[in-house]
Amino acid sequence: MKLKLFIGFIALALLSFSFAEKGDDEKLIGVWQPSDGRSYIKIDKIGSKFFGRVVWMKEPNDEKGEPRLDINNPDESLRSTPLKGYRILKDMVYNAEDGLWEDGSIYDPKNGTTYNCKMVLKADNQLEVRGYVGTALFGRTDVWTRLVKKEK
Amino acid sequence: MKNIELRLSMVWLTILTILLSSCSPSLSTETVDMELELVGETLFEGSNSLQYANKNQLADLAATIGMDSRSLKSVVVSKALIELNELSRPITESLLLQVVSDNQELITIGTLNPLPEGKQFVLSLAENTSILPYLKDSGSTWVLDLNISEDYMDEMVVNGTLTLSIEYKPN
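The paragraphs below set out a description of the structure included in this document. Note that the structure is a prediction, hence the values are computed from the model and not measured. (Residues numbered from 1 in each chain as written. Chains lettered and ligands numbered in written order. Predicted model: local features only at pLDDT ≥ 70, side-chain atom pairs only at ≥ 80, totals over all residues. Heavy atoms only, no water.)

## Describing unusual backbone geometry
Residues other than glycine predominantly adopt negative phi, and peptide bonds predominantly adopt the trans conformation. For the bond from N113(B) to P114(B), the omega torsion is -5°, close enough to zero to count as cis. Counting through the fold element by element, P114(B) comes out in the loop between β5 (104-112) and β6 (120-122). Although it is not a glycine, D91(A) adopts a positive phi angle of roughly 60°. Structurally, the position occupied by D91(A) is in strand β4 (residues 87-95). Of note in this structure, T42(B) is not a glycine but carries a positive phi near 50°. The residue T42(B) is located in strand β1 (residues 28-43) in this model. (Helix = DSSP H or I, 4+ residues; strand = E, 2+ residues; numbered from the N terminus.)

If you want it as structure tokens, here you go:
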């Protein structure tokens, strides 16, 4: 009887642990606003990795009134891609041990440069995004804010 | 004396290597079509994603040309065709096709913006469209990002055809 109770307890503990693990990595999913307030980035999951694309831009059109394109892309054949909808955040993998997302990249359309990226949730609705080249020691950090529905 | 023997044996070894490599069969090329069925639902105006997950892809592709998957040396997308239907065409403004797998990063295969007249679109291909590493993974996901001009509350299915240029070593 004691053995059955013990096995049941272990199974329950393992089950709740696995639920907690799944929930943690998916806390990244949502719509986020970088600190400059000029865009919204929607982060979702494809397979086991996380990706973010531009879903709103403060200035979606250029001076001529045409939709802004990825004109700085190093691959010339891709420069006609509209920035609205562009997937600037790619291949982020959750590291459960350190509680962060890493091994991915973030693209800056202003200069066509792709940086290594890692992200940490500082609070439920605050995400620290660090872009860097080579080692994470040298880079730039931005804080993104999650868009949440206003309570009535 | 020993030096001369050593040099002679090196020369023989080099000749043997050249002979062996010249006797091995050279690479052959074949073209195969790969069908994609990209699906998404409840799409809101703006940017959206359709996806198609693929499994056992390398073995299936190799079987198509009657080869073992180990004999495939390179697989490159040489053409990407996307076909919209009478419901999706009027509201679709741009197309961006990408692929990702667990061990490979997401890459762009092709893009098209704006869309010309018609329902079939050949994408402008990226410089690197080599997908063998993605096919080697247990599964890959094809992602079609598209901007739409109005909400689409039903399931949207878009068909794609990739022309793959396969280099392989004949048995």
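## Focus on empty space enclosed by the protein
Empty space among the atoms becomes apparent when a probe as large as a water molecule is rolled across them. For the structure on display, the rule yields 2 cavities of 30 Å³ or more. Approximately 70 Å³ is the volume found for the largest cavity. Looking at the largest cavity, the residues that line it are T81(A), P82(A), K84(A), G85(A), Y86(A), S47(B), S94(B), L95(B), L96(B), D145(B), L146(B) and N147(B). Put simply, the parts of the chain that give the lining of the largest cavity at least two residues each are β4 (92-101) and β8 (139-148) of chain B. (1 Å grid on protein atoms, 1.4 Å probe; cavity = no way out; pocket = protein on both sides within 12 Å on 5 of 7 lines; lining within 4 Å. Points joined across faces, edges and corners; volume = space filled by probe spheres on them.)

## Some words on the interface of chain A and chain B
Each partner contributes to the interface: chain A provides 21 residues, whereas chain B provides 25 residues. Both sides of the chain A and chain B interface together cover about 1,700 Å² of buried area, and 47% of this is carbon and sulfur. Where chain A meets chain B, there are 1 salt bridge. Among the ionic pairs, D145(B) bridges to R87(A), the shortest N-O distance being 2.6 Å. (Contact = heavy atoms within 4.5 Å. Buried area = accessible area lost by both parts, 1.4 Å probe. Salt bridge = Lys/Arg side-chain N within 4 Å of Asp/Glu carboxyl O.)

## Let's talk about the nonpolar core
Core analysis: the biggest nonpolar cluster contains 42 residues, and L72(B), I131(B) and W142(B) have the highest contact counts within it. With 7 residues, strand β9 (residues 152-168) of chain B is the single largest residue contributor to this core. Residues contacting L72(B), with those up to four places away along its chain left out, are L58(B), L61(B), A62(B), I65(B), L132(B), I166(B), E167(B) and Y168(B). Counting 20 residues, the second largest nonpolar core, distinct from the first, contains L28(A), L83(A), I106(A) and L127(A). (Core = buried A, V, L, I, M, F, W, Y, C linked by side-chain atoms within 4.5 Å. Buried < 20%, exposed > 50% of the residue type's maximum accessible area, 1.4 Å probe, protein only.)

## Examining the packing of aromatic side chains
All told, the structure shown has 3 aromatic pairs over all chains when counted by the stated rule. Note on Y94(A) and W101(A): the rings are 4.9 Å apart at their centroids and 45° apart in plane angle, and the pair reads as tilted. (Phe/Tyr/Trp six-rings, centres within 6.5 Å; stacked < 30°, edge-to-face > 60°.)

## Looking at a nonpolar patch on the surface
Residues I4(B), L8(B), V11(B), W12(B) and I15(B) make up a contiguous nonpolar surface patch of roughly 520 Å² in combined accessible area. Here I15(B) lies in helix α1 (residues 2-23). (Patch = residues over 30% accessible without salt bridge, like charges linked within 9 Å, V, L, I, M, F, W, Y side chains within 5 Å. Areas by Shrake-Rupley, 256 points an atom, 1.4 Å probe, with all protein chains shown as cover.)

## What about the environment of E117(B)?
Mapped onto the elements, E117(B) comes out in the loop between β5 and β6. For the pair E117(B) and R89(B), spaced 28 residues apart in sequence, the C-alpha to C-alpha distance is 9.6 Å.

## Considering the sheet that holds strand β8 (residues 139-146) of chain A
All names here are of chain A. Spatial ordering of the closed barrel is given by β1-β2-β3-β4-β5-β6-β7-β8, a layout of 8 strands whose pairing is antiparallel. The average undirected angle you get between the axes of adjacent strands in this sheet is 30°. Relative to strand β6 (residues 113-123), strand β5 (residues 100-108) runs antiparallel, the two sharing 7 bridges. From the neighbouring strand, D108 faces β6, where its bridge partner is T113. (Pairing = 2+ DSSP bridges. Axes fitted to C-alpha atoms, helices over the stretch in contact; angles between N-to-C directions.)

## Here's the deal with a negative patch on the surface
Residue and element names in this part refer to chain B. Taken together, the side chains of E37, E41, D154 and E155 make up a negatively charged region of the molecular surface. Elements with a contribution of two residues or more to the negative patch: β1 and β9. Within the secondary structure, E155 is located in strand β9. Residue classification places E155 among the partly exposed residues on the basis of a relative accessible area of 41%. (Lys, Arg positive; Asp, Glu negative; His and termini not counted. Charge placed at Lys NZ, Arg CZ, Asp CG, Glu CD.)

## Here's the deal with the layout of surface pockets
Here the largest pocket defines a volume of roughly 1,300 Å³. Along its surface, the largest pocket is lined by 44 residues, and S39(A), V54(A), M57(A), L83(A) and P109(A) are the ones closest to its centre. Those elements that provide at least two residues to the lining of the largest pocket are β2 (39-46), β3 (49-57), β5, β7 (126-132) and β8 of chain A together with β4 and β8 of chain B. Tallied by class, residues from the lining of the largest pocket come to 18 nonpolar, 10 polar and 16 charged. Quantified by volume, the second largest pocket comes out at close to 420 Å³. Class assignment of the residues belonging to the lining of the second largest pocket gives a composition of 9 nonpolar, 6 polar and 6 charged. (Nonpolar A, V, L, I, M, F, W, Y, C, P; charged D, E, K, R; others polar.)

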